[in-house]
Amino acid sequence: MDATTNPVFNPVFCTIVPPHVFDRLIEAEDPALARIARRTFVADAAQRTERRLTTVLGAEPAAPPAGAAADQPQRTVYDAQHSTTLPGRRVRGEGEPPVQDATVNRAYSGLGATFELYLQAYGRHSIDGNGMPLDATVHFDNSYNNAFWNGSQMVFGDGDGQIFLDFTLPVDVIGHELTHGVTQHSANLTYFGQPGALNESMSDVFGSLVKQYALDQDAHQADWLIGAGLLAPGVHGDALRSMKAPGTAYDDAVLGKDPQPATMDQYVTTGRDNGGVHINSGIPNHAFYLVADALGGKAWEHAGQIWYDVLTCGRLGSQAMFKDFAGLTVIAARDRYGDGAETQAVRKAWSQVGVPAS
Ligand SMILES: [Zn+2]
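All of these numbers come straight from a predicted model, not from anything done at the bench.

1. Observations concerning the overall build of the protein chain
Along its length, the protein chain carries 10 helices and 10 strands. The buried share of the protein chain, reckoned over its 358 residues, is 56%. Taking the intrachain contacts of the protein chain between residues at least 6 apart in sequence as the baseline, contacts between residues at least 24 apart amount to 63%. When the accessible surface of the protein chain is totalled, it reaches about 13900 Å², and 50% of it is carbon and sulfur.

Structure (structure tokens):
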């Protein structure tokens, strides 16, 4: 499908919190919660429209400033001061000292941690592989319950304090959103159905790896959660998603229960959430976890390298289904590591989640 003529199926506006969560919140008995959820949802819809326009017209080419070193990020953090105007007031640029506002500093560090993983582990220079400057806006809107990549920059809400806290808190959320940019500049997976769930899964995989790399954790030390620390005290849950045990991240009276499947026999067919992109991503997420767990050691090394190779090799089509992706991971594992433990682990993982890999 031609990306320039069908905006509906383009990788639109990628938020960290999926719409099924807001469906529940809008119905919350507490009218204040329902009001906040409704406002977040409306603001998201406005951003979606804007993102489609960007997709159709083509984003402005982002060139690194003249003289910028390729191995250094070019970060700028802006403060929306609770408005919805982007990017907002510039508050911290590359190499500038920390400011008073911890949210600004966390966004700055998270952009740096993501840049580091891609550069050190995979030799990739920023999101586009060509030194693209990394821009982020914090304090977007009031009590805004989401974070997103709008096609050219990151945006963070402060959360409402009752369900969600500040969206700059989990570094994997920052890695997740920026990875939407990496996917946009590589396989450009369509944000709908199985290719969309693969797009979401790429963001969870590399988001988790950003956190593991920053903490220097091996596969057995990692929590494999997406958004740990984001849920307010009192919410029954650990995070937004679990790659180790999809479907177990939360089970709460207001939020509902984590709907993610771990295997194909639980695949959810739905028209919501772009065909369940944040739901069925549990399946490829779990496959990656199983590979990393079987290999042990640092997950960004062999397991992450295989996934990165497939994402960026040019053979992964924008309409790829789970089985297409699975088959390419077997080929990538064999190409890089031969018929050893890696290839075996990859085959076994896909078989465990019920996706044919050949
Ligand atoms: Zn996402």
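2. Describing the nonpolar core
Counting 89 residues, the largest nonpolar core has Phe-164, Phe-206, Trp-307 and Trp-350 as the members making the most contacts within it. Looking at which element gives the most residues to this core, the answer is helix 3 (residues 102–122), with 10 residues. Formed jointly, this core draws a minimum of three residues from each of two domains, domain 1 (10–184) and domain 2 (193–352). Phe-164 has contacts with Val-17, Val-21, Leu-25, Asn-145, Asp-158, Gly-159, Leu-230, Leu-231, Ala-232 and Leu-240, leaving out every residue within four places of it along the chain.

3. Here's the deal with the coordination of the zinc ion
The protein atoms donating to the zinc ion are His-176 (NE2), His-180 (NE2) and Glu-200 (OE), with metal-donor distances spanning 2.1 Å. Each donor residue of the zinc ion lies on the same chain, and together they follow the pattern H-x3-H-x19-E. Pair noted here: His-180 is in helix 4 (residues 171–184) and Glu-200 is in helix 5 (residues 193–215), with a separation of 20 residues, a long-range link. Here His-180 matches Glu-200 in class, with each residue buried.

4. Overview of the packing of aromatic side chains
Under the counting rule described, the total for this entry stands at 18 aromatic pairs. Each ring, one from Phe-164 and one from Phe-167, has its centre 5.5 Å from the other, and the planes form 45 degrees; the classification is tilted. Accessibility classification places Phe-164 together with Phe-167 in one group, the buried group. Centre to centre, the rings of Phe-325 and Trp-350 are 6.0 Å apart; their planes meet at 80 degrees, and the pair counts as edge-to-face.

5. Some points on the pairing of strand 4 (residues 134–138)
Within strand 4, 4 of the 5 residues are buried, leaving the element largely enclosed by the surrounding structure. Two strands pair when backbone bridges link them, and strand 2 (residues 75–79) and strand 4 are joined in this way by 5 bridges, in the parallel orientation. The partner of Asp-79 across the bridge, within strand 4, is Val-138. The pairing of strand 4 with strand 6 (residues 154–156) spans 2 bridges and is classified as parallel. Residue pairing across strands places Thr-137 opposite Val-155, the latter belonging to strand 6.

6. Observations regarding the packing of helix 5 against helix 7 (residues 282–295)
In contact at an axis separation of 8 Å, helix 5 and helix 7 are set at 40 degrees when each is read in the N-to-C sense. Crossing geometry of helix 5 relative to helix 7 is assigned as right-handed. For the pair helix 5 and helix 7, the contacting residues are Ala-197, Leu-198, Ser-201, Asp-204, Val-205 and Leu-209 in the first and Pro-284, Asn-285 and Phe-288 in the second. Looking at the contact of helix 5 with helix 7 residue by residue, the class counts come to 6 nonpolar, 2 polar and 1 charged.

Calculation criteria
- Residues numbered from 1 in each chain as written.
- Predicted model: local features only at pLDDT ≥ 70, side-chain atom pairs only at ≥ 80, totals over all residues.
- Heavy atoms only, no water.
- Helix = DSSP H or I, 4+ residues; strand = E, 2+ residues; numbered from the N terminus.
- Buried < 20%, exposed > 50% of the residue type's maximum accessible area, 1.4 Å probe, protein only.
- Contact = heavy atoms within 4.5 Å.
- Areas by Shrake-Rupley, 256 points an atom, 1.4 Å probe, with all protein chains shown as cover.
- Core = buried A, V, L, I, M, F, W, Y, C linked by side-chain atoms within 4.5 Å.
- Domains from an automatic or database assignment.
- Donors = N, O, S within 2.8 Å, 3.2 Å for Na, K, Ca; no water.
- Phe/Tyr/Trp six-rings, centres within 6.5 Å; stacked < 30°, edge-to-face > 60°.
- Pairing = 2+ DSSP bridges.
- Axes fitted to C-alpha atoms, helices over the stretch in contact; angles between N-to-C directions.
- Left-handed = near helix turned anticlockwise from the far one by under 90°.
- Nonpolar A, V, L, I, M, F, W, Y, C, P; charged D, E, K, R; others polar.

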